[in-house]
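A closer look at the structure
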Amino acid sequence: NKPAEPYGPGFNPAAAGAVFLYHRLPAGGSLVICAHGQAGLTLWFLAPNVGAALPAAAGGAALSGVRPSVHTSLRLLWPAERWPLADWEVTAATLVYTSGRLALGLQSGHIVLLTMVQWLAAACFQAPKPDPPTHLRLSGHTRAVTALLHPASLAPDRYNPIHLVSGAEDFSVALWDCESGSLIHRFCVHGGPVASLQLPPNGCQGSRLAVSVVSVAADHSVSLLNLRERRLLLLASRHLYPVLSVRWRPLEDLLVVHTSDNSAYVWQTEVPALDRIVSGPALEELLRRSEESLSDSSRSAAPLRVTKLRSEDSGGGRGLPIVLHFNVACLIERILSNDQLARLRSRSRDSETQESSRSPYLGGRSGLSAARLSDASSSRAAVSSVDAAAAAAANATTGADEQALTLQVAQLLLSLIHSWGLDTGLDRTVGETLGLWPPRIAPCFGLVRSRAACLMCPNPPPHWETNRQLTTLHLLATTALAGALATARTASSFKAWPLDQPHRASLAAAVEDPTADNDPTAASNSASLPPPTAEQRQAWGLTLTHHTVLLADLLDPSLYQQPCLLSLAGLYHTA
């Protein structure tokens, strides 16, 4: 409980956007709860005579002179010293998953790209101190960055993985090269700060909309920007009320903008024009038959995504934490697919070794025939061999990066949800043998349901004592990941990838030196993980036994929240 004063900067219970809930208490009196746009809650406990005289329709105007009993907000609950980078005034965040880097938009208008796992390990976990993570600074906006989007993380088949899109309070949308940090193009089409960035759904694939991005601004306008052609396709700017969502009718080339006055503006995308305005009973049917846009709040195919908490006041998201969203099913699928790919490569290498041993003179005959070619043919063959070597090395490097990043995401998740402190021997084993890190600060967990998410406030109780749904999900995630890593032949310990060593190999040597050893199988061998040891398999077995058998006995029965059978049945039915 926070003290009633101070109420917070600019608090006014009669301000627009405040929502009130009135409740009669059984013992007499009334409880009034106000949720306002400053990401806060205010409570009034009113005496029977005051509550009876208070008209419910008066709203906050009747409470302006009444001192609240409790007032709290996200800014009071999340002190700045609780999480790192508070001094940077981060206003937006997203994850560039293809390179494993975290993009942070700042109040100054700059964008900082840093290595996500290295930064989290040094700032939030008791991990061995690696080298400082490399930073890449992008400069181009003149005011605070309000939205960030990496299109290839949501639709890898449609967008260039080096493209990063940002929107800011300077009314502009910028397209960046996140590898070099250069500004590719700037779109200046809005008359207000950019509120969000979205992508057309996968149903638009095959058209020019497939490589476009949607920008929603505070002036109620919606723009459709083509990233390949660097031009504006559509500017929908006739909306009188704030935009709630953007939907699509791909087969009809229509864009549907749903506004807060319970209306929908239907725009043509091929011939930029307003088609019609729908309201009333036809609105629900139109929205039901339309596809939603892809955004950072969508269920993406990546095992991890990053969002930034924001409030509706002028402060935006400054001072509020960054939230990590883990997709456990996708993470396990990546681990198993990488392990299966490694097994296939091993079998291919074995078969190639056998074939080469059967034909010892094959290489000599190939060299003799190559020597008889003309000079032009020799040069073309040399160029093609270099290109093939570079492509093979690029594929091997991409596979190594994918495998390393998948293991690092699993390492983060298991380090967060492991039951630290209950068994010191197990804690030492998983730290020394498996490479898990105990958190430096207590994490705040949450649940995601449909399109909404709930996040606990700071200083929560242990996550095994919070609620049954959280216990169920954490136990399932721990046992599923531990089981997948224990049975994998190539990925069993997180200590195989040191944090201070880069995983991305350079292709410059392969291109500049054609005589170098560019064997793709050698690259695969250097990038593959060592086989698991008996000690590592035993550590995973102890982890499974601890969470499936011993956990309930180690916790207080009156506090431990048992797994929910209904949640288990729902997850089994969905699977």
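Look a little higher up for the structure.
A short tour of the structure in this document, coming up.

Conventions and cut-offs
Residues numbered from 1 in each chain as written. Predicted model: local features only at pLDDT ≥ 70, side-chain atom pairs only at ≥ 80, totals over all residues. Heavy atoms only, no water. Buried < 20%, exposed > 50% of the residue type's maximum accessible area, 1.4 Å probe, protein only. Helix = DSSP H or I, 4+ residues; strand = E, 2+ residues; numbered from the N terminus. Pairing = 2+ DSSP bridges. Salt bridge = Lys/Arg side-chain N within 4 Å of Asp/Glu carboxyl O. Contact = heavy atoms within 4.5 Å. Polar contact = N/O pair within 3.5 Å; in protein donor to acceptor, adjacent residues only side chain to side chain. Bend = angle between axes of the 7 residues up to and from the residue.

Some remarks on the pairing of strand E2 (residues 30-36)
Along E2, 5 of the 7 residues are buried, which leaves the element largely enclosed by surrounding structure. Between strand E1 (residues 19-24) and E2, which pair antiparallel and follow one another directly, the connecting turn spans 5 residues, one of which, Gly28, has a positive phi of 105°. Of the pairings in the sheet, the one linking E2 to strand E3 (residues 40-46) comprises 7 bridges and is antiparallel in character. Residue pairing for E3: Cys34 is matched across the bridge by Thr42.

Here's the deal with the pattern of salt bridges
Evaluated as defined, the whole model comprises 7 salt bridges. For Glu179, the salt bridge goes to Arg101, with nearest N and O atoms at 3.9 Å. Note that Glu179 is positioned in the loop between strand E11 (173-177) and strand E12 (182-187) and Arg101 in strand E6 (residues 101-106), a separation of 78 residues in sequence. Taking the relative accessible area as the measure of exposure, Glu179 reaches 45% and is therefore partly exposed. For Arg101, a relative accessible area of 14% translates into the label buried. The partner of Arg289 in a salt bridge is Glu285, with the nearest N and O atoms 2.4 Å apart.

Here's the deal with the environment of Ser221
Along the chain, Ser221 turns up in the loop between strand E14 (212-217) and strand E15 (222-226). For Ser221, a relative accessible area of 1% corresponds to the buried category. Distance in space between the C-alpha atoms of Ser221 and His239 is 6.7 Å, their sequence separation being 18 residues. Not counting chain neighbours up to four residues away, the residues in contact with Ser221 comprise His190, Ser215, Val216, Leu235, Ala236, Ser237 and His239. At a separation of 2.8 Å, a polar atom in the side chain of Ser221 contacts the side chain of His190. For Ser221, the side chain forms a polar contact with the side chain of Asp219, separated by 2.6 Å.

With respect to helix H13 (residues 534-554)
Remark: the principal bend of H13, roughly 45°, maps to His547. Among all positions of H13, only Gln536, Ala539, Trp540, Thr543, His546, His547 and Leu551 are buried.

Some words on unusual backbone geometry
The residue Phe171 is not glycine, and still its phi comes out positive at about 75°. Among the structural elements, Phe171 can be located in the loop between strand E10 (163-168) and E11. Taking the relative accessible area as the measure of exposure, Phe171 reaches 33% and is therefore partly exposed. For Arg230, which is not a glycine, the phi torsion comes out positive at approximately 60°. Checked against the element boundaries, Arg230 lands in the loop between E15 and strand E16 (231-236).

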